[in-house]
There are 2 protein chains.
Amino acid sequence: MTSPSATLAVDEAVQALREAGHDVLHLGFGEAGVPVAPGLTELLADAHLRNGYGPVAGSPQARAAAAGWFTRRGLSTEPGQILFAPGSKPLLFALLAAIGGDVVLPRPSWVSYAAQAALLGRRVVTVPVPAEAGGIPDPDLLEQALRGAVAEGARPGALVLTVADNPTGTIAPAEQVEAVCAIAERHGLAVVSDEIYAELSHRGTVTSPVRYLAERTVVTTGLSKSLALGGWRIGFARTPSGSWGRRLQRELTGVASEIWSSLAAPMQAVAAHALDDPPEVTAHIAAARRLHARIAAEVHTRLRTTGALCRPPGAGFYLYPDFGPNRAALRARGITTGTELATALLERHGIATLPGSAFGEAGTALTLRLATSLLYGTTPQQRHMALTSPEPQDLPWISSALTRLGTALGDLTTDRHARPQS
Amino acid sequence: MTSPSATLAVDEAVQALREAGHDVLHLGFGEAGVPVAPGLTELLADAHLRNGYGPVAGSPQARAAAAGWFTRRGLSTEPGQILFAPGSKPLLFALLAAIGGDVVLPRPSWVSYAAQAALLGRRVVTVPVPAEAGGIPDPDLLEQALRGAVAEGARPGALVLTVADNPTGTIAPAEQVEAVCAIAERHGLAVVSDEIYAELSHRGTVTSPVRYLAERTVVTTGLSKSLALGGWRIGFARTPSGSWGRRLQRELTGVASEIWSSLAAPMQAVAAHALDDPPEVTAHIAAARRLHARIAAEVHTRLRTTGALCRPPGAGFYLYPDFGPNRAALRARGITTGTELATALLERHGIATLPGSAFGEAGTALTLRLATSLLYGTTPQQRHMALTSPEPQDLPWISSALTRLGTALGDLTTDRHARPQS
């Protein structure tokens, strides 16, 4: 049985609660929560001229724009290395199919990697992330885990890294990316680098594994996060240059042609424009980056007040607190697992989050993923104001949401006395 | 190795030949070849308000519209039975994943069913279609094939039917659909009924397997063919009512959430509108249906002149001639397989088609699939004139293409003498 993706499921549950009149503070879903950049919707006006299927990998214009986009970011790329898809999710699935072999994942990691591997009948090997940052396995544990997995009959083929990371909202340091790539190379693994949050690094850039394992690293990304276009479903991949990369591009094109044909042509026109980095798009992403950094930092402060462990946010709009230090106080409230913690936050305080178990962690881990981007507002106007405000945390709807979150966390984690169950 | 889908590959090859200055008559690709219906592009103007992911299965509006669409066609349907996707191709893939088991296909059948089954590691059992029509297996041969497959260790789970059919352009008679459904029921198979061409029946309606196996038949369809919107990627499925259908809907939603998340929200708005059957959309489909019927009949006449066997076209814009009766004449020209025949047509006459082997037939079969819809014109203006002309076959570009096709077929198949190789 394939359950609905945990992230999409919590989003639907929250919408249903809201429609039933409940006031829910939604921290459960990774929607970027900002308006659409200027000039993009207008590109759909010519959609009636774009009703043909077009090439599987994308139009020449879109592929050239994506190649230029990577090249301007220091990664020299030809259009022939690009393939578009309706989101980066189908690309990740097709890459696991095309690369072959079992799948090695950081733990925690995004909910769909393991589910996709299961759909393809592949084994999953998970390796804890280091204390510094998520999205990559701890190098020492990776080496051990690979040997153990092979000894048990697994055939690891692909290592998926998330740079910058979901769920931890952090950026792996260059030296750890390098160490992990060296191990991947020794074991003959291909690296799939999910970089959909890379544009949203709060400060500076992200070190892609391509830097260390150029010929065996595929990058996936898209416009869902940087441009808040999740509902437009625009993803693309960059396969490596070299003979392995060319074979993979052919195989990936084959899989794409059998599963989804092509990205909708009007959306390719949007991509061709946005990936040229026009100034208004660049400015929009910069504003979103500032907003994400500011609100994630505010929530981080409130989390640390409770005594929870939480890596400082470095990219995107996620935080991944570990309430292990609050275990006694939580136990006094009948909470012993991450799921119970998420349930208590939702049922007692109307705050939606996801437990660490959705990201592959043990049920007993008292970890949660908080997506802070849905605090920006519930109307297009509120989101626009959040994007343009110099102090978004002071906007009344954001300020009151932050207070509500702080109160709820305090209520669940203070040691003073066991609270009555509401 | 997953080769690119044969249909998409020939389309890209033809585009490349044309860009190199060659004049190619394109009968290789199933693009509907008519303009976009009035009023649809305008629906994309509000796309900036639709940047959220939304529910996996589709918006309430789109699901309600699709349920009404089925209900008005005699198939009572609730919105909860509907799931949207970026095309019906990913739906078919997800259904094979969700239903489980090996896959039973008519032979010939659409290129991607078998490829999708292979990606999922499933066996494929193919069963020849009867002389009357394609899209369904011959009932007697189906019974035999199932017994044989099970004896060899296969576990048939899904039977895919194509009603109306691609590649044969025909509609299975009701009594054969009934006979096939009875066998499917006896063997515990689920039926996946690909009905994407059903709206384009030239005369009257199509008998869906739902009529005979209501609780175990899933219908897939979309707007790519009826509304010529292949490049907008809008597909949807109807799962059965009843407990099996509800379980399948949940499982399908789970698979969808892990592979593609949701159909692009702006495209859901298009679907919600078009599936309400507004008069201008209904009129547009009726005009396309007339055009497809007329041109397919014209090509059929020219095929029959050569002595080839060819079922009369009944739906959509495909013909599937069998040049078996011309085997001697073809052999005199060095042509002994369907692929050699398609190659000769392309290289000697600039006419693109697909050989029957792309649809699962033996290489020695001298069958071709001809898509007649790309004869309508190469510019939006030509296609509009084709759609609105009372006698489209007399439009100069269509008339000359028909003449060119007739001449090429005559040139390859006449018995009088072996032609010199050009």
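None of the values given here were measured: they were computed from a predicted structure. (Residues numbered from 1 in each chain as written. Chains lettered and ligands numbered in written order. Predicted model: local features only at pLDDT ≥ 70, side-chain atom pairs only at ≥ 80, totals over all residues. Heavy atoms only, no water.)

Trainee: What is the right way to look at the interface of chain A and chain B in this model?
Mentor: Interface size, as often reported, equals the accessible area lost upon joining of the parts. Each partner contributes to the interface: chain A provides 60 residues, whereas chain B provides 60 residues. At the surface where chain A touches chain B, the tally comes to zero salt bridges. Between the two partners, chain A and chain B, sit 30 residue pairs in polar contact (both at pLDDT 80 or more). Secondary-structure elements contributing two or more residues to the side of chain A that touches chain B are α1 (6–19), α3 (88–99), α4 (111–119), α7 (243–259) and α8 (265–274) of chain A. Among the elements that line the side of chain A that touches chain B, the one with the most residues is α7 of chain A, at seven residues. Grouping the amino acids of the side of chain A that touches chain B by side-chain chemistry returns 33 nonpolar, 18 polar and nine charged. (Contact = heavy atoms within 4.5 Å. Salt bridge = Lys/Arg side-chain N within 4 Å of Asp/Glu carboxyl O. Polar contact = N/O pair within 3.5 Å; in protein donor to acceptor, adjacent residues only side chain to side chain. Helix = DSSP H or I, 4+ residues; strand = E, 2+ residues; numbered from the N terminus. Nonpolar A, V, L, I, M, F, W, Y, C, P; charged D, E, K, R; others polar.)

Trainee: Could you clarify how one ought to interpret the domain arrangement of chain A in this entry?
Mentor: Residue and element names in this part refer to chain A. We note that the domain assignment places domain 1 (6–30 + 280–413) and domain 2 (48–276) within chain A. Between domain 1 and domain 2, the contact holds 27 residues from the first and 31 residues from the second. For the pairing of domain 1 and domain 2, the buried interface totals around 2300 Å² over both sides, and the portion due to carbon and sulfur atoms is 59%. For the pair domain 1 and domain 2, the interface holds zero salt bridges. Run the count over domain 1 and domain 2 and you get 12 residue pairs in polar contact (both at pLDDT 80 or more). It is helix α9 (residues 279–305) that provides the largest number of residues to the side of domain 1 that touches domain 2, a total of eight residues. (Domains from an automatic or database assignment. Buried area = accessible area lost by both parts, 1.4 Å probe.)

Trainee: It is not clear to me how the sheet that holds strand β11 (residues 354–355) of chain B should be interpreted in this structure. Could you clarify?
Mentor: Hydrogen bonds between backbone groups are what pair the strands of a sheet, and the pairing can be parallel or antiparallel. Residues and elements named next belong to chain B. Pairing is antiparallel across the open sheet formed by three strands, whose spatial order is β9-β12-β11. The outermost strands of the open sheet, each flanked by one partner alone, are β9 (318–319) and β11. In the sheet, β11 pairs with strand β12 (residues 368–371) via two bridges, with the strands oriented antiparallel. Across the sheet, the residue bridging to P355 is L368, located in β12. Across the sheet, helix α11 (residues 338–349) lies against β11 and β12, angled at about 40 degrees from β12, the strand it touches most. (Pairing = 2+ DSSP bridges. Axes fitted to C-alpha atoms, helices over the stretch in contact; angles between N-to-C directions.)

Trainee: Would you take a moment to explain the sheet that holds strand β5 (residues 156–162) of chain A for this structure?
Mentor: All names here are of chain A. Read across the sheet, seven strands follow the order β2-β8-β7-β6-β5-β3-β4 without closing on themselves; strand pairing throughout is mixed. Edge positions in the open sheet fall to β2 (82–85) and β4 (124–128), since each of these has one partner strand only. Strand-to-strand twist across the sheet, computed as the mean angle between neighbouring axes with direction ignored, equals 25 degrees. Of the pairings in the sheet, the one linking strand β3 (residues 102–107) to β4 comprises five bridges and is parallel in character. Bridging from a neighbouring strand, R107 pairs with P128 of β4. Together, β2, β7 (217–222) and β8 (235–238) form the strand contacts of helix α2 (residues 60–72), whose direction differs from that of β2 by roughly 115 degrees.

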